[in-house]
Amino acid sequence: MTQRLFCITFAMALLMRVLAVVPNGVAKKGENLELNHDFEDLGVQPWTMWVEDAGAGVAANLLIDKKEHVKGKQSLLIEIKKGGPNNKRVELHQNPFFLEKGQKLTYAMWVKAEDVRPANMIANHRAAPWTAYGSKDITIQQEWAEFWTTVTMPIADNLVGIYVELKDSIKGNIWFDDFRMYEGDYEPDPELGQKPKAVDS
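Novice: Could you give an account of the environment of V160, naming the residues involved and the relevant values?
Specialist: Within the secondary structure, V160 sits in strand β9 (residues 157-167). C-alpha separation for the pair V160 and W130, spaced 30 residues apart in sequence, amounts to 9.4 Å.

Novice: Account for the pattern of salt bridges, naming residues and giving values.
Specialist: Summed over the entire model, instances satisfying the criterion amount to nine salt bridges. Among the ionic pairs, R89 bridges to E91, the shortest N-O distance being 3.6 Å. Using a relative accessible area of 3% as the deciding quantity, one classes E91 as buried. Residue D185 is joined to K104 by a salt bridge in which the shortest nitrogen-to-oxygen separation is 2.9 Å. Of the two residues, D185 is situated in the segment after β10 (172-183) and K104 in strand β5 (residues 104-113); the sequence distance between them amounts to 81 residues. The network of salt bridges with common partners includes K71, D178, D189 and E191.

Novice: So, the sheet that holds strand β8 (residues 145-152): which residues are in play, and what are the values?
Specialist: Taken in spatial order, the five strands line up as β2-β3-β10-β5-β8 in an open sheet, and their pairing is antiparallel. The sheet is open, and its two edges are formed by β2 (59-65) and β8, each paired on a single side. Direction aside, neighbouring strands of the sheet carry axes that sit 25 degrees apart on average. Relative to β10, strand β3 (residues 75-82) runs antiparallel, the two being bridged by five bridges.

Novice: Lay out the nonpolar core with the relevant residues and their values.
Specialist: If you look at the biggest cluster of nonpolar residues, it comprises 36 residues, and the most contacted ones within it are V164, L166, I174, F176, F179 and M181. Of all the secondary-structure elements, those providing two or more residues to this core are β3, β4 (89-99), β5, β6 (117-125), β7 (132-140), β8, β9 and β10. Top contributing element to this core by residue count: β5, with five residues. Among all residues touching F179, those that are not within four sequence positions of it are N32, E34, H37, F39, W47, L92, Y107, A108, M109, I162 and V164. Membership of the second largest hydrophobic core comes to six residues, among which are L77, W144, W175 and L192.

Cut-offs and rules
- Residues numbered from 1 in each chain as written.
- Predicted model: local features only at pLDDT ≥ 70, side-chain atom pairs only at ≥ 80, totals over all residues.
- Heavy atoms only, no water.
- Helix = DSSP H or I, 4+ residues; strand = E, 2+ residues; numbered from the N terminus.
- Salt bridge = Lys/Arg side-chain N within 4 Å of Asp/Glu carboxyl O.
- Buried < 20%, exposed > 50% of the residue type's maximum accessible area, 1.4 Å probe, protein only.
- Pairing = 2+ DSSP bridges.
- Axes fitted to C-alpha atoms, helices over the stretch in contact; angles between N-to-C directions.
- Core = buried A, V, L, I, M, F, W, Y, C linked by side-chain atoms within 4.5 Å.
- Contact = heavy atoms within 4.5 Å.

Spelled out as structure tokens, the structure:
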């Protein structure tokens, strides 16, 4: 009997853990849809990284950094350890999100880099024809700054993803913290305000 109760308890705990890292439901007003948005509890999950030119020797790592953070006690770090000559993509992803026709959302994040570098933040359909619902070219600085873009849904889509596109021609570290995607116009995180810096372009 004790063993059976232990098995049931373990199974329930495992189910709750799985549900905690699987995006679900439709966006609700004010709700942050990003899971593990501040990287405090679940390691890197459910975030993933894609290295376009890995077959050509480009090397990058995705890990938690406990020294750098803008919120909480840690952040997400991409280390581009070995760059490539072809200026190919290194991307940070989270998906899927289930969004409804007519919704207007804000996709925001805090980010800094070892060296100043260009990037693109994108929300799109995660399969052909890869329809973009929002994107912005940004320049990541050496100090923490928040960037955001508007996401507009002309149709309902149950396979929306957000990602950050970097280029492998610049080696070095890039830190991310406090991702948010929520219905409505941009508003500062009430726990952070706009400190140290927030930019909209």
